[in-house]
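Architecture at a glance
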Amino acid sequence: MGARGSQGNDLSGTTKITVCLKHFIGYGAGINGKDRASALIPENYLRQYYLPPFTEAIKSGALTIMLSSNSVNGIPCHINKYYMTDILKGELNFPGYTVSDFSDIDFLVDAHQVAHDKKEATKQAILAKKQIVGTNITVYYNDVRAVGKFCEEFYNRAQEEFQIRYIKSNISSVVKSDANDQLLIRGENVFTGKLFEDPSDLIVLAVGTEPPEGTEELANLLNISTDPNGFLLESHLKVRPSDSSVKGIYIAGAIQSPKDIPSSIAQAESAAAKSIALLTKGKVDLDPLVVRYNKDLCDLCRLCENVCEFNAIEIVDDTVNIIGANCVGCGACAAMCHTNALEVPGFTKEEVLKQIKVIMDKKKDSPLIVTFLCNWCSYLGADLAGTSKIQYPTNTRPIHVMCTAMLDPSLVFEALFNGADGVLIAGCHPQDCHYISGFKKAENRYESITSMLEELKVNNDRVKIISISAGEGQKFADTIKEFSENLKKLGPISKDIKGIQAK
Ligand code: SF4
Ligand code: SF4
């Protein structure tokens, strides 16, 4: 590429004007297809496609370069030290001037919102163009994770290229030096075990990201589950990462968890696509697992109304009204209903009882464990144990339920009184519960079950509840092994229930 053109070889002439390269960099790479829009440019694309034209033009003598107004990978080009100082000045040895449209300084305040005012914006832009010489940076950390594409490379680059030191440490205090006003950071180097006291000019505490203010109110208003840290919880981390626990409400970005810009955009695109699919269809397909109501059996005790967290039950004119569009089929109401007026198709008490009966009719193992596994986590965890060929005793018989909340305590007693030596209830970890607090409801019922067993003088160690996720195949196998050993020590169930059965 010849860059001389109107610039020529001698700029002192009054008819000469410098060549200006535009725009550095990614001006036309906007993710929405428009010029000047935000762009995402991976390092390999940058080097393969975007830098070569500039490299050649600089080699040919171009002396000015205009900065792009957009942001690339979340950083406005006007304050991007990596592009301007490290690449343009450091790698390409650009000897000329960068040129900026002054409205781009306004952009830093108004559009990119990286500066409070124009003064701050100008300062950032100037700082980005200067190499800060002689600064030693140390990161004192407990744990470092570089998750995401090119993040590990970025972490390595921070150490190798920018000489940033990372010290795994326990920091005890920050104090002011007696000799001067310098700050001293004190702590212990975890790897060497040595105590240190490092002088520092500036100490920055990197705190964890928290959900934005108002997230809790929003979650309560929309009935969306949150994780233990208060972020909105996705329906399923692997297969429904942009669905919330409420149908038709999708989530994207840092309201779900701290994440980088590419991940936020990917999730936002997924949420947008799902919203469009839902709207263009013009109707909502109901899940077949909607609870059924039998008015003839109902005594209007209203217990079901209070247990449903999905606003799927209302009692109007002495009738329980099931709002099918809201019902997720968790079965918590059916387990609560003492008259069996509510049932989830495919998971009725009658159907589960039949499964228990078949298991007991074929009982050969001792001790025999009946295991109730939730659909979303524990069933998959047990499956993983099998597909991973993890060894565990063969004396367990799984019964699949959608949620452990649908487990009526009477089913546990049916299993024990028909010959099961132990019952394991396995569900999601509470924060992963597909049905907001399904596992917590099951835990509450477990408390009632063990109290009743105590009253009946049946050893309550025969019933166990545990959280097992889809990825915890080993935990499932270990739980079965340990539970089997404990049940062996307790002996057969017949010993505990002989007297009760006789009565
Ligand atoms: S819990 Fe059962 S009996 Fe009570 S109101 Fe609901 S459906 Fe009717
Ligand atoms: S099955 Fe679950 S979501 Fe449906 S009505 Fe019952 S408690 Fe509500």
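Here's what I pulled together on the structure shown here.

Cut-off values and rules
- Residues numbered from 1 in each chain as written.
- Chains lettered and ligands numbered in written order.
- Predicted model: local features only at pLDDT ≥ 70, side-chain atom pairs only at ≥ 80, totals over all residues.
- Helix = DSSP H or I, 4+ residues; strand = E, 2+ residues; numbered from the N terminus.
- Rg over C-alpha atoms; globule rule 2.2 N^0.38 Å.
- Buried ≥ 20, exposed ≤ 12 C-beta atoms within 10 Å, placed from the backbone.
- Contact = placed C-beta atoms within 7 Å.
- Axes fitted to C-alpha atoms, helices over the stretch in contact; angles between N-to-C directions.
- Parallel < 35°, antiparallel > 145°, perpendicular 65-115°, else oblique.
- Left-handed = near helix turned anticlockwise from the far one by under 90°.
- Nonpolar A, V, L, I, M, F, W, Y, C, P; charged D, E, K, R; others polar.
- Pairing = 2+ DSSP bridges.
- Core = buried A, V, L, I, M, F, W, Y, C linked by C-beta atoms within 7 Å.
- Domains from an automatic or database assignment.
- Near = placed C-beta within 6 Å.

**As for the overall build of the chain**
Check the secondary structure of the chain and you find 15 helices and 17 strands. Scaling as 2.2 N^0.38, a compact globule of 503 residues should have a C-alpha radius of gyration of about 23 Å, whereas the chain reaches 32 Å, well beyond that. In terms of principal-axis extent, the alpha carbons of the chain reach across some 115 × 65 × 45 Å. Across the 503 residues of the chain, 29% fall into the buried class. Long-range pairs, those at least 24 residues apart, make up 65% of the contacts in the chain between residues at least 6 apart in sequence.

**Brief notes about the packing of helix H10 (residues 349–361) against helix H12 (residues 409–417)**
What describes two packed helices is the angle between their axes and the distance between those same axes. Remark: H10 packs on H12, axes separated minimally by 10 Å, with the N-to-C direction vectors making an angle of 20°. By the angle class used here, H10 and H12 are roughly parallel. In this structure, H10 meets H12 at a crossing whose hand is right-handed. Where H10 abuts H12, its residues Lys349, Val352, Leu353 and Ile356 lie against Leu411, Glu414 and Ala415. Here the contact of H10 with H12 is composed, by residue class, of 5 nonpolar, no polar and 2 charged.

**Remarks on the environment of Leu411**
The topology assignment puts Leu411 in helix H12. Exposure remark for Leu411: the 21 C-beta atoms within 10 Å place this residue in the buried category. If we skip the residues at most four places from it in the chain, Leu411 touches Lys349 and Val352.

**Let's talk about the pairing of strand E12 (residues 319–322)**
The pairing of strand E11 (residues 313–316) with E12 spans 4 bridges and is antiparallel. Bridge pairing in E12 places Glu314 opposite Asn321. Connecting E11 to the antiparallel partner E12 that follows it, the hairpin turn spans 2 residues, and Asp317 within it adopts a positive phi of roughly 50°.

**Concerning the pairing of strand E8 (residues 183–189)**
In the sheet, strand E7 (residues 165–176) pairs with E8 via 7 bridges, with the strands oriented antiparallel. Directly across from Lys176, in E8, lies its bridge partner Leu183. The antiparallel pairing of E7 with E8 creates a hairpin that spans 6 residues between the two strands. With 6 bridges joining them, E8 and strand E9 (residues 195–200) adopt antiparallel strand pairing. By the bridge assignment, Leu183 is partnered in E9 with Ser200. Hairpin connection, E8 to E9: the antiparallel pair is bridged by 5 residues, and Gly193 has positive phi, about 75°.

**Brief notes about the packing of helix H11 (residues 378–387) against helix H14 (residues 473–490)**
Two elements in contact, H11 and H14, have axes separated by 7 Å at closest approach and are oriented at 90°. Comparing their axes, H14 and H11 come out roughly perpendicular. Residues Gly381, Ala382, Leu384 and Ala385 of H11 form the contact with H14, whose participating residues are Gly473, Lys475, Phe476 and Ala477.

**What to know about the sheet that holds strand E16 (residues 422–427)**
Read across the open sheet, the 4 strands follow the order E15-E14-E16-E17; overall the sheet is parallel. Looking at which strands have only one partner, the edges of the open sheet turn out to be strand E15 (396–401) and strand E17 (463–467). The mean inter-strand angle of the sheet, taken between neighbouring strand axes irrespective of direction, is 20°. Note: strand E14 (residues 369–374) against E15, 6 bridges, orientation parallel. Each residue of the ladder has a partner; that of Leu373, found in E15, is His400. Set on the sheet, H11 makes contact with E14, E15 and E16; between it and E14 the angle comes to about 120°.

**Describing the nonpolar core**
In this structure, Cys333, Cys374, Val401, Met406, Val423 and Ile425 are the most contacted members of the largest nonpolar core, which totals 69 residues. Both of domain 4 (292–343) and domain 5 (349–502) provide at least three residues apiece to this core. In terms of nonpolar packing, the next biggest core, distinct from the first, is built from 16 residues, Ala29, Ala62, Leu67 and Cys77 among them.

**Let's talk about the site of ligand 1**
Close contacts around ligand 1 come from 13 residues, with Cys298, Cys301, Cys304, Cys337 and Ala341 the closest. Within the shell around ligand 1, the residues separate by chemical class into 10 nonpolar, 1 polar and 2 charged.

**A short note on unusual backbone geometry**
Here the residue pair Lys22 and His23 is connected by a cis peptide bond, since its omega of -20° sits within 30 degrees of zero. Structurally, the position occupied by His23 is in strand E1 (residues 20–24). In this model, Ser366 is joined to Pro367 through a cis peptide bond whose omega is 0°. Tracing the chain through its elements places Pro367 in the loop between H10 and E14. Backbone geometry at Asn73 places phi at a positive 55°, although glycine is not the residue there. Relative to the assigned elements, Asn73 resides in the loop between strand E3 (71–72) and strand E4 (75–76). Look at Asn73 and you get partly exposed, because 19 C-beta atoms sit within 10 Å.

**Notes on the sheet that holds E9**
Read from one edge of the open sheet, 4 strands run E6-E7-E8-E9, paired in mixed fashion. Bordering the open sheet on either side are strand E6 (138–141) and E9, each of which pairs with just one other strand. Looking at each pair of strands side by side, their axes are set apart by 55° on average, direction ignored. Strand direction decides the pairing type here: E6 and E7, joined by 4 bridges, are parallel.

**Focus on the environment of Gly74**
When you line up the elements, Gly74 lands in the loop between E3 and E4. With 279 residues separating them along the chain, Gly74 and Leu353 place their C-alpha atoms 57 Å apart.

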